[in-house]
Amino acid sequence: MADDNLKFNTLTIHGGQQPDKAYGAVMPPIYQTSTYAQAAPGDHQGFEYSRSGNPTRKALEDSIASIEGGKFGLAFGSGLAAIDCVIKTLKPGDEVISTNDLYGGTYRLFTKIFEPLGIKFHFVDMDNADKIGDYVNENTKIIWVETPTNPMMNIIDIKAMSKVAKAANALLIVDNTFATPYLQRPLEMGADIVMHSATKYLGGHSDVVLGLLAVKDEAIAEKLYFIQNSSGAVCGPMDAFLVVRGIKTLHVRMQRHCENGKAIAHFLKDHPKVENVYWPGFESHPNHSVAKEQMKDFGGMISFSIKGGSLEDTRKVISSFNVFTLAESLGGVESLAGHPASMTHASIPKEEREKLGIVDSLIRLSVGIEDIDDLKADIDQALNKI
Ligand SMILES: *Cc1c(COP(=O)(O)O)cnc(C)c1O
């Protein structure tokens, strides 16, 4: 099927997919095999060894390429393994300019693994693209953007960053985990590589850990494929299958995540026990106009702080949820709540944390696709415990 004329809600189901060649299976079979029979040395049917390639993984790689508007996809054992592959395109002395409020695991990979190997990272506030120029020099190779950010829901202007990257002769990489291609397609806005933790919305059911890259340019894709095959951080066929299946309902799930997210954001805003609500759909959000321009809708991720909230009060609220589950991660069908200060961002010193807005009374919600009345009632009863 030629994908070019199909709309997004069709591509999630059909993009890059064909019935299986053996028996016409509509879903890609889970090719649980390490190797493939050859008729004569080198005479094979496109697959030789499952680190180098596997048909189930290929179905997923073609799917992500299609829904991100790219030409090539690569699947890894985790989101961090995908990021690891991108940074391995660099050599000692090269520099990366990165969003400052980055996913904690990405920050750890950059500073604890790659910095000691001689790669330099600048963590900067990307609120204003004009400020980035100060960090550009002849060693700048990558501009790394995460938007919306976690947990403060800041929005970075992808098109503006693409201009900075082009002028610097550097690649623009966008971690699109929070938005998904349903909400924003960075390759169409000038990004060179899109990265995903498919563990989150793409998988969508909290049952798999997996990472993805999508690329338009063949030379970049070849470089990444060489590293993927050489370093070997690939995903298994069962996990690839789960994400192929997840992507088929991405548009339906995202639509509901956005509807419920909007309703919860407004509910929190009007709640007497709540101080601040961080959600890019509010006109008062500092980057609302950029969000409106580059995103189709505003997603299901929301953070809020409790009025006068002590750590003790906050712990009481977050432990009192019945429908929301207290857990790390996000993007599944079920609603989750997290406490950034003691969970995802505990490794950042309190003073640094608070500079980013991550106060002790901040709670992060991944709003799921349950009935909205049950979600509101659950938040209300938890807040009324204080
Ligand atoms: C979870 C996450 C990652 C890391 O992905 P894993 O699949 O956990 O390795 C990277 N970036 C963002 C924004 C994430 O939420």
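Since this is a predicted model, take the numbers as computed values, not measurements. (Residues numbered from 1 in each chain as written. Predicted model: local features only at pLDDT ≥ 70, side-chain atom pairs only at ≥ 80, totals over all residues. Heavy atoms only, no water.)

Visitor: Requested: an account of the overall build of the chain, with residues and values cited.
Guide: In terms of regular secondary structure, the chain is built from 13 helices and twelve strands. Against the compact-globule benchmark of 21 Å for 386 residues, the chain has a radius of gyration of 21 Å, which places it among compact chains. Seen through its principal axes, the chain has C-alpha atoms that stretch 75 × 50 × 35 Å. The buried share of the chain, taken over its 386 residues, is 53%. When the accessible area of the chain is evaluated, it comes to approximately 17100 Å², of which 51% is carbon and sulfur surface. Charged side chains in the chain number 38 positive and 48 negative. The centres of these two groups are separated by 0 Å. (Helix = DSSP H or I, 4+ residues; strand = E, 2+ residues; numbered from the N terminus. Rg over C-alpha atoms; globule rule 2.2 N^0.38 Å. Buried < 20%, exposed > 50% of the residue type's maximum accessible area, 1.4 Å probe, protein only. Areas by Shrake-Rupley, 256 points an atom, 1.4 Å probe, with all protein chains shown as cover. Lys, Arg positive; Asp, Glu negative; His and termini not counted. Charge placed at Lys NZ, Arg CZ, Asp CG, Glu CD.)

Visitor: So, the site of the ligand: which residues are in play, and what are the values?
Guide: In the region of the ligand, the neighbouring residues are Ser78, Gly79, Leu80, Tyr103, Glu146, Asp175, Thr177, Phe178, Ser197, Thr199, Lys200 and Leu210. Contact between the ligand and Thr199: an oxygen atom at 2.7 Å from a side-chain N or O atom of the residue. In isolation the ligand offers 380 Å² of accessible surface; the protein chains occlude 93% of this area. Its residues assigned to classes, the shell around the ligand comprises four nonpolar, five polar and three charged. (Near = heavy atom within 4 Å. Polar contact = N/O pair within 3.5 Å; in protein donor to acceptor, adjacent residues only side chain to side chain. Nonpolar A, V, L, I, M, F, W, Y, C, P; charged D, E, K, R; others polar.)

Visitor: Please provide a residue-by-residue account of helix H7 (residues 218-231), values included.
Guide: The α-helix advances 3.6 residues per turn, and as a result positions three or four apart in sequence lie on the same side. The terminal C-alpha atoms of H7 lie 20 Å apart, and with 14 residues this matches the ideal 20 Å at 1.5 Å per residue to within 8%. The set of residues buried in H7 consists of Ile220, Ala221, Leu224, Ile227 and Gln228. Seen along its axis, H7 keeps its buried residues to an arc of 130 degrees; they face one direction. Exposed and facing more than 90 degrees away from the buried side of H7 are Ala219, Glu222, Lys223 and Phe226. Against helix H2 (55-67), strand S1 (72-76), helix H3 (79-87), strand S5 (171-175), strand S6 (193-197) and strand S7 (211-215) lie the buried residues of H7. At the N-terminal boundary of H7, the capping side chain belongs to Asp217, with an oxygen 3.1 Å from the backbone nitrogen of Ala219. Where H7 ends, the next residue or the one after it, Gly232, has phi of about 85 degrees, a positive value. (Expected span 1.5 Å × (residues − 1). Arc of directions from axis to C-beta. Contact = heavy atoms within 4.5 Å.)

Visitor: Describe in detail the UniProt feature "modified residue: N6-(pyridoxal phosphate)lysine" (unreviewed entry) in the chain, supporting the description with residues and values.
Guide: UniProt records the feature "modified residue: N6-(pyridoxal phosphate)lysine" (unreviewed entry) at Lys200, using the numbering of this structure. The exposure class assigned to Lys200 is buried, which follows from its relative accessible area of 9%. Beyond its immediate chain neighbours, meaning those up to four positions away, Lys200 contacts Tyr103, Thr177, Ser329, Leu330 and Gly331. (UniProt positions renumbered as here; feature names shortened; annotations may be inferred.)

Visitor: Explain the pattern of salt bridges to me, using residue names and the numbers behind them.
Guide: Counted according to the given criterion, the structure contains 13 salt bridges. Residue Arg353 is joined to Asp360 by a salt bridge in which the shortest nitrogen-to-oxygen separation is 3.7 Å. Of the two residues, Arg353 and Asp360, both sit in the buried class. A single salt-bridge network, built from bridges that share partners, covers Lys350, Arg353, Glu354 and Asp360. (Salt bridge = Lys/Arg side-chain N within 4 Å of Asp/Glu carboxyl O.)

Visitor: Residue-level account of the packing of aromatic side chains, with values.
Guide: Tallied over the entire structure, the rule returns nine aromatic pairs. Geometrically, the ring pair formed by Trp279 and Phe298 is edge-to-face, given 5.6 Å between the ring centres and 75 degrees between the ring planes. Pair noted here: Trp279 is in the loop between strand S8 (274-278) and helix H10 (288-294) and Phe298 is in the loop between H10 and strand S9 (301-306), with a separation of 19 residues, a long-range link. Using a relative accessible area of 2% as the deciding quantity, one classes Trp279 as buried. Judged by its relative accessible area of 17%, Phe298 falls in the buried class. Among the aromatic residues, those joined into a cluster by ring pairs are Tyr107, Phe110, Phe121, Phe123 and Trp144. Directly above the aromatic system of Phe282 lies the positively charged group of Lys269, at a separation of 4.3 Å from the ring centroid. (Phe/Tyr/Trp six-rings, centres within 6.5 Å; stacked < 30°, edge-to-face > 60°. Lys NZ or Arg CZ within 6 Å of the ring centre and 35° of its normal.)

Visitor: So what's going on with the environment of Gly118? Residues and values would help.
Guide: As for its position among the elements, Gly118 is in the loop between helix H4 (104-114) and strand S3 (120-124). Not counting residues within four places of it along the chain, the set of residues in contact with Gly118 comprises Pro92, Gly93 and Asp94.

Visitor: Run through the sheet that holds strand S11 (residues 336-338), naming residues and quoting values.
Guide: In spatial order, the strands read S8-S9-S12-S11-S10; together these five strands make up an open sheet with mixed pairing. Pairing within the sheet leaves two strands with one partner each, and these edge strands are S8 and strand S10 (325-326). Sheet topology places S8 next to S9; three bridges connect them, and they run antiparallel. Counted as the bridge partner of Tyr278 is Ser303 from S9. Against the sheet, helix H9 (residues 250-269) contacts S8, S9 and strand S12 (362-366), and its axis sits at roughly 10 degrees relative to S9. (Pairing = 2+ DSSP bridges. Axes fitted to C-alpha atoms, helices over the stretch in contact; angles between N-to-C directions.)

Visitor: Account for the sheet that holds S6, with residues named and values stated.
Guide: Reading across from one edge, S1-S7-S6-S5-S4-S2-S3 is the order of the seven strands in this open sheet, with mixed pairing throughout. Unpaired on one side and paired on the other, S1 and S3 mark the two borders of the sheet. Looking at each pair of strands side by side, their axes are set apart by 20 degrees on average, direction ignored. Note: strand S4 (residues 140-146) against S5, five bridges, orientation parallel. Pairing of Ile142 across the sheet is with Leu171, part of S5. Each of S4 and S5 touches helix H5 (residues 158-168); the most contacted strand, S5, lies at about 150 degrees to it.

Visitor: Before we move on, can you summarise the nonpolar core with the specific residues and values?
Guide: Considering soluble globular proteins, one finds that nonpolar side chains tend to be buried as a cluster. In this structure, Leu60, Leu212, Val243, Leu268, Phe304 and Leu365 are the most contacted members of the largest nonpolar core, which totals 60 residues. The residues contacting Leu268, other than those within four sequence positions of it, are Val274, Val277, Ile302, Phe304, Leu365, Ile379 and Leu383. By size, the runner-up hydrophobic cluster in this structure holds 27 residues, among which are Ile83, Ile87, Leu90 and Val215. (Core = buried A, V, L, I, M, F, W, Y, C linked by side-chain atoms within 4.5 Å.)

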